[in-house]
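Chains, contacts and geometry: an overview
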Amino acid sequence: MSTMKAAVVHTFAAPLTIDDVEVPTPGPLEALVKVDYTGVCHTDLHAAHGDWPVKPSPPFVPGHEGVGTVVAVGDQVTRVAVGDKVGNAWLWSACGECEYCETGWETLCPHQKNGGYSVDGSFGQYMLVDSRYAPIIPEGVEDAAVGPILCAGVTVYKGLKQTDTQPGEWVLISGIGGLGHIAVQYAVAMGRRVAAVDVDDDKLALARKHGAEVTVNAATSADAAAEIQDKTGGGVHGALVTAVNAHAFPQAVGALRRGGTVSLVGLPPEKFPLDIFTTVLFGLTVRGSIVGTRKDMAEALDFFARGKITPTYTVRPLSDINDIFSEMEQGKIDGRVVMDMHS
Ligand SMILES: NC(=O)c1ccc[n+]([C@@H]2O[C@H](COP(=O)([O-])OP(=O)(O)OC[C@H]3O[C@@H](n4cnc5c(N)ncnc54)[C@H](O)[C@@H]3O)[C@@H](O)[C@H]2O)c1
Ligand SMILES: CCCCCCO
Ligand SMILES: [Zn+2]
Ligand SMILES: [Zn+2]
């Protein structure tokens, strides 16, 4: 039996331990991947804390922004081969047969498996992927930089498409963290004008660096929604909320222009009030958006491979995971942390 190092959640909200665990064996349609790098998503922190109603089952290995090389495949695998560079993703697999899978909405499949949540993820030196769903990494890209595209990138790319906005229109990006700083770049690359809101001036500086024309600090503004309305000549046509605080959600709705759409992506485990009268009177749309399909992933990776998206990231060792989670919880991480799995 060969073993590998992995960061394992044994108990919710307790430190992860770096364990020696067995290298898994791929099933008929699976591939075994030697992991080089993995992004750390705030979802991994939610998972490790057991924040959401549907919880993972400890012990488990988080991580769904992993990138590595296929080292073994099951006997029915056709889509990937030994030596290929692939990733894992939140959408680890789906059934392929339900009404959602059959209509281009595999992200809504009730039978889906989720990387680093219902199946072990990329916080280990090896991981299994379903060969039919694993993102195929484009040739020639930086291995450490592409991980954040596998969740943050595809999620905000899809979330922006779900705002129903057009080139030249205003979109608000709420929360300029791992997802949000990449969302600013996709929005600019998609021809939108960007307003950004966060509670941290360093994050807002990052938004401006990546092309935001308007930035508002929700912690110091007297009324962030009104300020955004004023600075965008009547409100934003669309909003993408990636913030991890429930106060950001009604604030984004309040920043919308009449007829606007807010795409909800951030997942603080709370509820938020929705004003019925103004939602109806102004014809607003409030829409949830979850990661992206394999097609969305290919499109998001193409933007990255063509140099339109430059994640801001810091490379750190797997052994730093508990410090990384603590810093993430305090909002102290600029961009994305990517863990080097060779150490
Ligand atoms: N829907 C999906 O498919 C999907 C995919 C990936 C991540 N997520 C969720 O998105 C959220 C963000 O993930 P991340 O990795 O970018 O997290 P992150 O910790 O990197 O960034 C969160 C950002 O929110 C900001 N913030 C906190 N309070 C705020 C407020 N009141 N107003 C505006 N900004 C505020 C923080 O300053 C930080 O910049 C998490 O809840 C994660 O689970 C959802
Ligand atoms: C419901 C949880 C969605 C998490 C997406 C990957 O970060
Ligand atoms: Zn994620
Ligand atoms: Zn399905």
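The protein chain has the name alcohol dehydrogenase in an unreviewed UniProt entry, where Oerskovia jenensis is given as its organism. Listed in UniProt under the heading Cofactor (unreviewed entry), the comment for the protein chain reads: "Zn(2+)". UniProt lists a comment for the protein chain under the heading Sequence similarities (unreviewed entry), and it reads "Belongs to the zinc-containing alcohol dehydrogenase family."

1. Focus on the overall build of the protein chain
Along the backbone of the protein chain there are ten helices and 16 strands. Expected size for 343 residues packed as a compact globule is a radius of gyration near 20 Å; at 20 Å, the protein chain falls within 12% of this value. Partitioning the intrachain contacts of the protein chain with sequence separation of at least 6 by distance along the chain shows that 67% fall at a separation of at least 24. In the form shown here, the protein chain has an accessible surface area of approximately 14,300 Å², with 52% of it arising from carbon and sulfur atoms. The positive charge centre, built from 26 side chains, and the negative charge centre, built from 40, are 6 Å apart in the protein chain.

2. Observations concerning the nonpolar core
Ranked by internal contacts, the top residues of the largest apolar core, which has 43 residues, are Leu16, Val40, Phe123, Ile321, Phe325 and Met339. Here this core takes five residues from strand β3 (residues 30-40), the largest share from any one element. Setting aside anything within four residues of it in sequence, one finds methionine 339 in contact with Asp36, Tyr37, Thr38, Val40, Phe123, Arg316, Pro317, Leu318, Ile321 and Ile324. Counting 36 residues, the second largest nonpolar core, distinct from the first, contains Ile137, Ala145, Met190 and Val194.

3. Notes on the environment of valine 244
Residue placement: valine 244 occurs in the loop between β12 (236-241) and α7 (248-254). When the C-alpha atoms of valine 244 and histidine 42 are compared, they prove to be 8.5 Å apart, with 202 residues separating the residues in sequence. Among all residues touching valine 244, those that are not within four sequence positions of it are His42 and Pro268.

4. Observations concerning the side chain of glutamate 65
Locating glutamate 65 in the fold gives a position in the loop between α1 (42-49) and β4 (66-73). Judged by relative accessible area, glutamate 65 falls into the buried class, the value being 0%. Polar contacts involving the side chain of glutamate 65 include one to the side chain of arginine 336, which spans 2.9 Å.

5. So, the coordination of the zinc ion (ligand 4)
Around the zinc ion (ligand 4), the protein supplies Cys95 (SG), Cys98 (SG), Cys101 (SG) and Cys109 (SG) as donor atoms, at distances of 2.3 Å. Note that the zinc ion (ligand 4) binds four donor atoms; their angles at the metal cover 105 to 116°, and the shape is tetrahedral. On the primary sequence, the residues serving as donors to the zinc ion (ligand 4) are separated as C-x2-C-x2-C-x7-C.

6. Considerations on the site of ligand 2
Within the structure, ligand 2 sits among Cys41, Thr43, Trp52, His64, Trp90, Cys151, Leu267, Ile290 and Val291. At a separation of 2.6 Å, an oxygen atom of ligand 2 approaches a polar side-chain atom of threonine 43. Histidine 64 is positioned with one of its side-chain polar atoms (N or O) 3.2 Å from an oxygen atom of ligand 2. Surface burial for ligand 2 is 82%, taken as the share of its 270 Å² of free accessible area covered by protein chains. In terms of residue class, the shell around ligand 2 is built from seven nonpolar, two polar and no charged.

7. Notes on the sheet that holds strand β11 (residues 214-217)
Across the sheet, six strands lie side by side as β11-β10-β9-β12-β13-β14; this open sheet has parallel pairing. Single-partner strands in this sheet number two, and they are β11 and β14 (285-288). Sheet twist, expressed as the average angle between the axes of neighbouring strands with direction ignored, equals 20°. Of the strand pairs in this sheet, strand β9 (residues 170-174) and strand β10 (residues 193-198) are connected by five bridges, and their pairing is parallel. Counted as the bridge partner of tryptophan 170 is arginine 193 from β10. Along the sheet, helix α3 (residues 152-161) makes contact with β9, β12 and β13 (256-264), crossing β12 at roughly 150°. Relative to the sheet, helix α6 (residues 224-231) contacts β9, β10, β11, β12 and β13, its axis offset from that of β11 by approximately 165°.

8. Topic: the site of ligand 1
Around ligand 1, the structure places 30 residues, and the nearest of them are His42, Thr43, Asp198, Val291 and Arg336. Contact distances for ligand 1 include 2.9 Å between an oxygen atom and a backbone N or O atom of glycine 178. Within the side chain of aspartate 198, a nitrogen or oxygen atom sits 2.7 Å from an oxygen atom of ligand 1. In the complex, the protein chains occlude 94% of the 860 Å² of accessible area that ligand 1 would expose alone. Elements represented by at least two residues in the shell around ligand 1 include exactly α1, α4 (178-189) and β10. No other element matches α1, which puts three residues into the shell around ligand 1. A per-class count over the shell around ligand 1 returns 15 nonpolar, twelve polar and three charged.

What counts and what doesn't
Along each chain, the written sequence defines residue order, and numbers are assigned to residues from 1. All chains are assigned letters beginning with A, and all ligands numbers beginning with 1, in the order in which they are written. Reporting of local features is limited, given that this is a predicted model, to residues whose pLDDT is at least 70; pairs of side-chain atoms are given and counted only at 80 or more, and all residues count toward the totals for whole chains, interfaces and linings. Side-chain numbers come from the whole structure's heavy atoms, not from hydrogens or water. UniProt positions are given in the numbering used here, feature names are shortened, and annotations may be inferred rather than shown by experiment. Comment: elements are numbered from the N terminus, with helices defined as DSSP H or I runs of at least four residues and strands as E runs of at least two. The quantity called the radius of gyration is restricted to C-alpha atoms. Its globule counterpart is 2.2 Å times the number of residues to the power 0.38. The contact definition used throughout considers only heavy atoms, calling two residues in contact when any of these lie within 4.5 Å. All accessible areas in this document rest on Shrake-Rupley with a 1.4 Å probe, and a residue is counted as covered only by the protein chains that are shown. In this tally, Lys and Arg are treated as positive and Asp and Glu as negative; His is ignored, and so are the chain termini. A single reference atom marks each charge: NZ on Lys, CZ on Arg, CG on Asp, CD on Glu. Grouping buried Ala, Val, Leu, Ile, Met, Phe, Trp, Tyr and Cys residues that are joined through side-chain atoms within 4.5 Å yields what is termed a nonpolar core. Buried means the residue's accessible area, taken with a 1.4 Å probe over protein chains only, is under 20% of the maximum for its type, while exposed means over 50%, and partly exposed covers the values in between. Polar contacts, as used here, are pairs of N or O atoms within 3.5 Å; protein pairs need one atom able to donate a hydrogen and one able to accept it. Residues neighboring in sequence count only if both atoms are side-chain atoms. Distances define the donors: N, O and S atoms within 2.8 Å of the metal qualify, as do those within 3.2 Å of Na, K or Ca. Water is excluded, so some sites may look unfinished. Tetrahedral means four donors with every angle between 85 and 135 degrees, whereas square planar (four donors) and octahedral (six donors) require angles over 155 degrees between opposite donors and between 65 and 115 for all others; sites fitting neither are termed irregular. Note on terminology: near, applied to a residue and a molecule or strand, indicates that one of the residue's heavy atoms is within 4 Å of it. Note that Gly is not counted as nonpolar here; it falls among the polar residues with everything else outside the nonpolar set of Ala, Val, Leu, Ile, Met, Phe, Trp, Tyr, Cys and Pro and the charged set of Asp, Glu, Lys and Arg. Whether two strands pair depends on DSSP finding at least two bridges between them. All axes are obtained by fitting lines to C-alpha atoms, using only the stretch in contact for helices, and the reported angles, taken between N-to-C directions, cover 0 to 180 degrees.

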